[in-house]
Amino acid sequence: MAFLEQIIDVLSGSPGNVIYHLITLFSLQVVFALSLTQWRRDPSDQLMRRTMWASGVIFIGRFALLLAGLAVSNNAATAVSVLPPLEQAINTATAVLIVWALVPHPDNQPHLGDTIAVVLLLFIGVMYIFFAQSWPDMALSGTPYTETTQATIWAVLQLLILVFGVILTFLQRELWSSLRQIILIILLAAYVIHLWVNPDSISTQTDIAYWIRLGYLVAFPLWAAFVYRYSMDHLLALPAAPSPASEIDLPLVINLSTWVINSLQSQESVDNAVKMATRLVPAAHIALALSPEDAKNRLYVTSSRQTKNPNEVTNWQVNLDEWPAFRQALMENTSIELTSDEVGARQMRLWYEEMGLSPQGPLLIEPMYAEKTAVGLLLLGAQPDVTAWSSDHKATASALAAYFGQVIHNSNAFNHAADQIAITPVPANESQQISGRIIALEDERNQLQSELEISQARLLQAESQAAKSSKQARDLAATLEELEQVSQDERVELLETEIDALRESLIEAEEAMALAAADERGLSTEWIMTAITRYSSQLESAQARIEVLEADLMRRERGVTDEIVISLAQELRTPMTSIAGYTDLLLSEMLGNLGEKQRDFLKRVKANVERMDAFLDLIVQLTTSGDMFSESHVEAVDVQTVLETAVSTVITQIREKNLHLDMQIEPELPQLSVNREALQQILSHLLGNACLASGQNSRVAISATVNKIPPPQNNGHTEPISFMHLAITDSGGGININDRSRVFDPQYRADNPLIDGLGDTGAGLAVARTLTEANGGRVWIESQMGEGSTLSVLFPILSESPHENGTAT
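(A) How the structure looks around the sheet that holds strand 8 (residues 660–665). Strand order in the open sheet formed by five strands is 8-10-11-13-12, and the pairing between neighbours is mixed. Looking at the sheet topology across the chains shown, the edges are occupied by strand 8 and strand 12 (778–784). Strand-to-strand twist of the sheet, defined as the mean angle between neighbouring strand axes without regard to direction, takes the value 15 degrees. Bridge analysis of strand 12 against strand 13 (residues 788–796) gives seven bridges, and the strand direction is antiparallel. Directly across from Glu 782, in strand 13, lies its bridge partner Thr 790.

(B) Fine view of the environment of Ala 636. Checked against the element boundaries, Ala 636 lands in strand 7 (residues 635–637). What makes Ala 636 partly exposed here is its relative accessible area of 31%. Considered as a pair, Ala 636 and Gln 671 are 35 residues apart in the sequence and their alpha carbons are 5.7 Å apart.

(C) View of the packing of helix 18 (residues 639–649) against helix 20 (residues 676–693). Viewed as axis vectors pointing N to C, helix 18 and helix 20 meet at an angle of 45 degrees, and their least axial separation amounts to 9 Å. The angle between the axes of helix 18 and helix 20 places the two elements in the oblique class. Note on packing geometry: the crossing formed by helix 18 with helix 20 is right-handed. On helix 20, the residues touching Val 642, Leu 643, Thr 645, Ala 646, Val 647 and Thr 649 of helix 18 are Arg 676, Leu 679, Gln 680, Leu 683, Ser 684 and Leu 687. Within the contact of helix 18 with helix 20, the residues separate by chemical class into seven nonpolar, four polar and one charged.

(D) Local environment of the pairing of strand 10 (residues 699–709). With six bridges joining them, strand 8 and strand 10 adopt parallel strand pairing. Each bridged residue has a counterpart across the sheet, and for Asp 662 the counterpart in strand 10 is Ala 701. Relative to strand 11 (residues 721–729), strand 10 is paired through nine bridges, and the arrangement is antiparallel. When the bridges of strand 11 are listed, Lys 708 appears paired with Ser 722.

(E) Molecular detail of helix 3 (residues 46–71). Counted at 1.5 Å a residue, the expected span for helix 3 with its 26 residues is 38 Å, and the 38 Å between its end C-alpha atoms agrees. Those residues of helix 3 lying buried are Leu 47, Met 48, Arg 50, Thr 51, Met 52, Ala 54, Ser 55, Gly 56, Ile 58, Arg 62, Leu 65 and Leu 66.

(F) View of the nonpolar core. If you look at the biggest cluster of nonpolar residues, it comprises 48 residues, and the most contacted ones within it are Ile 98, Leu 162, Leu 184, Tyr 216, Trp 223 and Phe 226. Every element with two or more residues in this core is listed here: helix 2 (16–41), helix 3, helix 4 (76–102), helix 5 (112–139), helix 6 (149–171), helix 7 (179–196) and helix 8 (210–237). Take this core: its biggest share by element is 10 residues, from helix 4. In this view, Ile 98 contacts Ile 58, Leu 184, Leu 187, Tyr 216, Phe 220 and Trp 223; residues no more than four positions away in its chain are not counted. Ranked by size, the runner-up nonpolar core spans 41 residues in total, among them Ile 654, Val 674, Leu 687 and Val 700.

(G) Main features of unusual backbone geometry. Even without glycine at this site, Glu 668 takes up a positive phi of about 55 degrees. As for its position among the elements, Glu 668 is in the loop between strand 8 and strand 9 (672–674). Given the relative accessible area of 68%, Glu 668 is considered exposed. Although it is not a glycine, Asn 697 sits at a positive phi angle of roughly 60 degrees.

About the thresholds
- Residues numbered from 1 in each chain as written.
- Predicted model: local features only at pLDDT ≥ 70, side-chain atom pairs only at ≥ 80, totals over all residues.
- Heavy atoms only, no water.
- Pairing = 2+ DSSP bridges.
- Helix = DSSP H or I, 4+ residues; strand = E, 2+ residues; numbered from the N terminus.
- Axes fitted to C-alpha atoms, helices over the stretch in contact; angles between N-to-C directions.
- Buried < 20%, exposed > 50% of the residue type's maximum accessible area, 1.4 Å probe, protein only.
- Parallel < 35°, antiparallel > 145°, perpendicular 65-115°, else oblique.
- Left-handed = near helix turned anticlockwise from the far one by under 90°.
- Contact = heavy atoms within 4.5 Å.
- Nonpolar A, V, L, I, M, F, W, Y, C, P; charged D, E, K, R; others polar.
- Expected span 1.5 Å × (residues − 1).
- Core = buried A, V, L, I, M, F, W, Y, C linked by side-chain atoms within 4.5 Å.

Take a look at the structure:
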């Protein structure tokens, strides 16, 4: 018994009394620090929230007890009348708070335990006030406080609280033999020993419940060890999200991405996506709001707000019409951040209340799209001490939203296909084959993902092949130009020889005429007239032959050049088609998901391929325009319909530049007898030039009028001549007068290949002029420096057009 008496002296006497308080305060400080850190790392962790509050309140109470003991240490009478009931009240409050922090709480009533704890603490305060007033009179009799009725009531109340807590831990099988249960059992054993051990067996005179002190001396360090182990387990389960997006570990991202796409079930993919976002984004609250196809005005929300299980997610259903910011982000496919000092503060506060959360930091709303289809929203609530989301975190959130949208879209598509298969009646002997097909399709999907890098390598190879083909085309063009130059020189030499021979014959005829005039050699008048007639006929034949040869030479030269240009264009289309095919395949994401940078690069490649294809079409049109739109294809054309079609070809440019289109078209325009496709090409090229030449927020004007002029004098016509005038005006800076003559010339080149004030490179307008002249029309340009240019097209209106015949009748 001597050893036990020494322990009692250490726990109740000086300086052991102070050491006991210091050890317990240090343990409580460790518990509070660890639980606070874990709760800030995961604000939805309710266990650490309760542990933080319980350890903090207990620390304050026991620190106050230590200060009170030090204050009355020099006055034994005051210490005996004040400290015993105060310590018992603090011990009872400690038992309530430990049980409240460690035992599990019901999921359906998460605030029931908080309410019971607050009520018990208020009851303990009332008991202390009553006992503290009656104890000083009892202390004068010299009775130890531990032998009074007050001490017994305190001990029984604490014992009942701890028994209740131990029973709750036994109801949860996962808490058996855990540190949470062991802590409560140690405290329960200390109170049982305190009540049932006979005080007379130990000769001591003290007012301190030393068995209870011994229990807390063991329980508090174990509590600190439990919180430390709990924090480390959660910290090592998955690494926490780094603050800058540039510090994200790539292997971690790949592993988490595999985790998300591992399941083809939509809800499981959503749950895994929420868990992935909690590891990559430092958010206090994360939710995925999905927009179902059958109810576009509703959102099904899956939240990271945890209840009892740290890996559990919870679900809600909200009306999209009640959340304007959500609707705007979803409809406009734009990111929105709601902060406490802007217009969206009320929506942010209401959302946190809807989720059952305390006020958090700014709410970031990221839309999730897949194949231009709205899938839902990624909602990220920042920590309470954060005032705004950083650009790095916004970029990470945007990338995650794009990835989650594609994954969920793929899962929905798979489930839809599976439902279709399930609806179709399948014979028993074919069910195994369908299951095998599903497994084969999953294997094929994995194989396609693994071939993504191979496809990218093929794309690079195709680009290299295109560059090589372009070089070969340039070399071939240079060689053909040299051959053409040699052939042209030979033709010119033959023509010059023939022309020289004909000129000699002409000189002989002139000499004969001169001799006849001088009456030399006695030539007769009939012979002279016959010679003059013969040589005149030869001269006319020679001149006609020269014109035919020159026209044939020009036609042959142009024909060879056109064939070369068309051949080169077709050769260039082959690698471009291959590049376009691989680019479309990658952009469709049939071989795997793409990142934002990969998608931007592929879109840039596709835009350049389309631009090269448009240039090749323009070259072919310029080469073959005279043959393609000959007079054999002439028909009666409704000008207004063709104008509307031409406007639709440039509507994208009009929207990008926010241009105002003014159309002044006379009602009931007569029909034109022209080639329909040629007229559409003419108007499209002129409109495209006007859109390119005009600046942002400017105007483009289109007018179509019918004009008449009197008939010419003495030509037998009495009816006036009618023609249609089509004019397209831009808002550019105008064209210099020295450059206007070269507007329709495709061969014009200078130090700067573009003419100031002209949107087109020259080839499109050259095609427009060729097609206009081929259909009997005329095109010209008028320009005013500083104001803009007007391109006009004039077509004659035949009197026997259908429109005029209809009106005449």
